[in-house]
Amino acid sequence: MPLDEPSWWYGSGARAAVAGSVLAPAGFVYGKIAKSRFNRIAAYRSALPVICVGNLTAGGTGKTPLSIHIAELAQQLGERPVFLTRGYGGQLDGPVGVDPTKHSPSDVGDEPLLLVRSCPVMISADRAAGARAIEAGAYTASVIIMDDGLQNPGLAKDLTLAVIDGQRGIGNGRVIPAGPLRAPLDFQLGKVDVLVLNGGGSLSARKSEIERGAGQAVTRPWLQSAVVAMGDTSWLKGARVFAYAGIGNPSRFFETLTSLGAVVTGTAQFRDHQVPTAADATELLRAARAKSAILITTEKDYVRLPLAGHPRLMDLKAQSRTLPVKVVFDGDGGDVLKGLISTAMAKHRKR
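For every chain, the first residue of the written sequence is number 1, and numbering continues from 1 onward in sequence order. A pLDDT threshold of at least 70 governs which residues receive local features in this predicted model, and a stricter bar of 80 or more applies before side-chain atom pairs are shown or counted, although totals over entire chains, interfaces and linings include all residues. Each side-chain value is derived from all of the structure's non-hydrogen atoms; neither hydrogens nor water enter the calculation.

Participant: How would you explain the sheet that holds strand 11 (residues 294-297) if you had to name every residue and give the values?
Facilitator: One requirement defines pairing of two strands: DSSP has to find at least two bridges between them. The helix and strand labels rest on DSSP assignments: H or I over at least four residues marks a helix, E over at least two residues marks a strand, and numbering proceeds from the N terminus. Read from one edge to the other, the open sheet built from 4 strands follows the order 10-9-11-12, with strand pairing classed as parallel. For this open sheet the edge positions go to strand 10 (263-269) and strand 12 (320-322), each flanked by a neighbour on one side alone. Ignoring strand direction, the axes of neighbouring strands in this sheet form an average angle of 30°. Judged from the 3 bridges that link them, strand 11 and strand 12 form a sheet pairing that is parallel. Bridge pairing in strand 12 places Thr-297 opposite Thr-322. Lying on the sheet, helix 9 (residues 278-290) is in contact with strand 9 (240-245), strand 10 and strand 11; it crosses strand 9 at an angle near 160°. Interaxial angles span 0 to 180 degrees and are taken between N-to-C directions of axes, which are lines fitted to C-alpha atoms, for helices over the stretch in contact. Contact criterion: two residues are considered in contact whenever any of their non-hydrogen atoms come within 4.5 Å of each other.

The structure is reproduced here in structure tokens:
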């Protein structure tokens, strides 16, 4: 069950240095293409305020829980948010509104089926077309929350947040495929209004790392957050569990289970967004049974499991438990973010 990203992106040994150096020319070309795309495409300015949540790097940093939290803050401000997302992993290009009673992960991807629990979701490969569909009255929206759109130039943003993994940072600081950055760091920072350090780590150390990598001071606001378990987790204390996950950083999920007192008897890692096969399901069920353990996974992985189809996959869904999570901010970070959202929307409406 291989992972999408090479481990040496975040390594520090000789192998990591050599691999990064060898692929640096390819990363330079990738970065040039990313910058050229931004400069070539004219952004559509929506009639609605647009708040964007994105990554500087490939892989998971906690964008989905943060997007849901932003929707909740917008609702507290009396707004009617609608998510706009690519629908990665789905076969529908859109624009199409997500209907959880009709759409499967193969249609719209896994993240939209989590987001729609909070507020309506529009998927669209063309983000400008998706924004127009929302404006046309698909929903009574007052603000668009653009999930994973930092590198997308098609839609102008009023507030852009970049989420950084507090434990892993920006890795070797190189651009794909030489490293995890989706575009040159200094270029990406020029598109960002707020940096959110998620999942622990030293804020001052990560800030220094970012400034060294970009070759410039970072004057934008920094917030620090964590993704924590939600609801009653007392059942996990002392429980024997076998954990599996196909997210950007599965180790964070496994560490959370341990921190809650679970006895993690084994783990299985899938690629990000990967749907387990019947053979995978058979192996997971066997491994949990051999360890006398409860199967547990993330909510994102759980929504990828089919309600009908192969009996082994249906058994895996029936026998798996999930760990719901939410975002919390250090100090007054939540209030600061709420204020930034309110200010950005007010500025948009004065245009």
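Participant: Please give an account of the packing of aromatic side chains that cites residues and values.
Facilitator: Stacked, edge-to-face and tilted labels apply to pairs of Phe, Tyr and Trp rings (six-membered ring for Trp) whose centres lie within 6.5 Å, assigned for plane angles under 30 degrees, over 60, and everything in between, in that order. All chains considered together, the criterion is met by 3 aromatic pairs. For the pair Phe-38 and Phe-187, a centre-to-centre distance of 5.6 Å together with 75° between the ring planes defines the contact as edge-to-face. Here Phe-38 is found in helix 1 (residues 14-40), whereas its partner Phe-187 is found in helix 6 (residues 185-189), with 149 residues between them in sequence. Aromatic pair Phe-253 and Phe-254: ring centres 5.9 Å apart, planes at 50°, arrangement tilted. Each residue gets one of three labels from its accessible area relative to the maximum for its type: buried under 20%, exposed over 50%, partly exposed in between, using a 1.4 Å probe on protein chains only. The class of Phe-253 is buried, set by a relative accessible area of 8%. Over a ring means this: the NZ of a Lys or the CZ of an Arg is within 6 Å of the ring centre and within 35 degrees of the ring normal. The ring of Tyr-44 has Arg-132 sitting right over it, with the charged end atom 4.1 Å from the ring centre. We note Arg-168 situated over the ring of Tyr-10; from NZ or CZ to the ring centre the distance is 4.3 Å.

Participant: Please set out unusual backbone geometry residue by residue, giving values where relevant.
Facilitator: Omega for the bond connecting Ile-176 with Pro-177 falls within 30 degrees of zero, at 5°, which places this linkage in the cis form. Inspection of the secondary structure assignment puts Pro-177 in the loop between strand 6 (159-165) and helix 6. For Asp-148, which is not glycine, the phi torsion reads 60° and is therefore positive. Under the relative-accessibility criterion, Asp-148 is labelled partly exposed at 24%. Even without being glycine, Ser-292 reaches a positive phi, approximately 55°. As for its position among the elements, Ser-292 is in the loop between helix 9 and strand 11.

Participant: Please set out the side chain of Thr-265 residue by residue, giving values where relevant.
Facilitator: In this structure, Thr-265 sits in strand 10. What Thr-265 contacts, discounting residues up to four positions off in sequence, is Arg-240, Val-241, Phe-242, Lys-291 and Ala-293.

Participant: Outline the pairing of strand 11, listing residues and values.
Facilitator: Where strand 9 meets strand 11, 3 bridges bridge the pair, whose relative direction is parallel. Its bridge partner lying in strand 11, Val-241 is registered against Ile-294.

Participant: I'd like a description of the packing of helix 9 against helix 11 (residues 311-319), backed by residues and values.
Facilitator: The geometry of helix 9 relative to helix 11 is characterised by a closest axis approach of 8 Å and an angle of 45° between their N-to-C directions. In terms of their interaxial angle, helix 9 and helix 11 are classed as oblique. Along this stretch, helix 9 crosses helix 11, giving a crossing that reads as left-handed. Residues Ala-278, Ala-281, Thr-282, Leu-284 and Leu-285 of helix 9 pack against Arg-312, Leu-313, Asp-315, Leu-316 and Gln-319 of helix 11. Of the residues contributing to the contact of helix 9 with helix 11, the split by class is 6 nonpolar, 2 polar and 2 charged. Under this scheme an angle from 65 to 115 degrees is roughly perpendicular, one under 35 degrees roughly parallel, and one over 145 degrees roughly antiparallel; angles in between are oblique. Take the far helix as your reference; a near helix turned counterclockwise from it by less than a right angle gives a left-handed crossing, and one turned clockwise gives a right-handed crossing. Amino acids outside the nonpolar list (Ala, Val, Leu, Ile, Met, Phe, Trp, Tyr, Cys, Pro) and the charged list (Asp, Glu, Lys, Arg) are all regarded as polar, and Gly is one of them.

Participant: Please give an account of the environment of Ala-74 that cites residues and values.
Facilitator: Topologically, Ala-74 is positioned in helix 2 (residues 63-76). Sequence separation of Ala-74 and Ser-342 is 268 residues, and the distance between their C-alpha atoms is 8.0 Å. Those residues in contact with Ala-74 that lie beyond four places of it in its chain are Glu-79, Pro-81 and Val-143.

Participant: Now, about the sheet that holds strand 4 (residues 121-123): what can you tell me, with residues and values included?
Facilitator: Strands sit in the order 3-4-2-5-1-6-7-8-13 across an open sheet of 9 strands; the sheet is mixed. One side of each edge strand has no neighbouring strand; the edge strands of this open sheet are strand 3 (96-97) and strand 13 (325-329). The strands touched by helix 5 (residues 127-138) are strand 2 (81-85), strand 4 and strand 5 (143-147); relative to strand 2, the strand with the most contacts, the crossing angle is about 155°. With respect to the sheet, helix 7 (residues 203-214) is in contact with strand 6, strand 7 (194-198) and strand 8 (222-229), its orientation differing from that of strand 8 by roughly 125°.

None of the figures reported here should be taken as evidence of function without further support.
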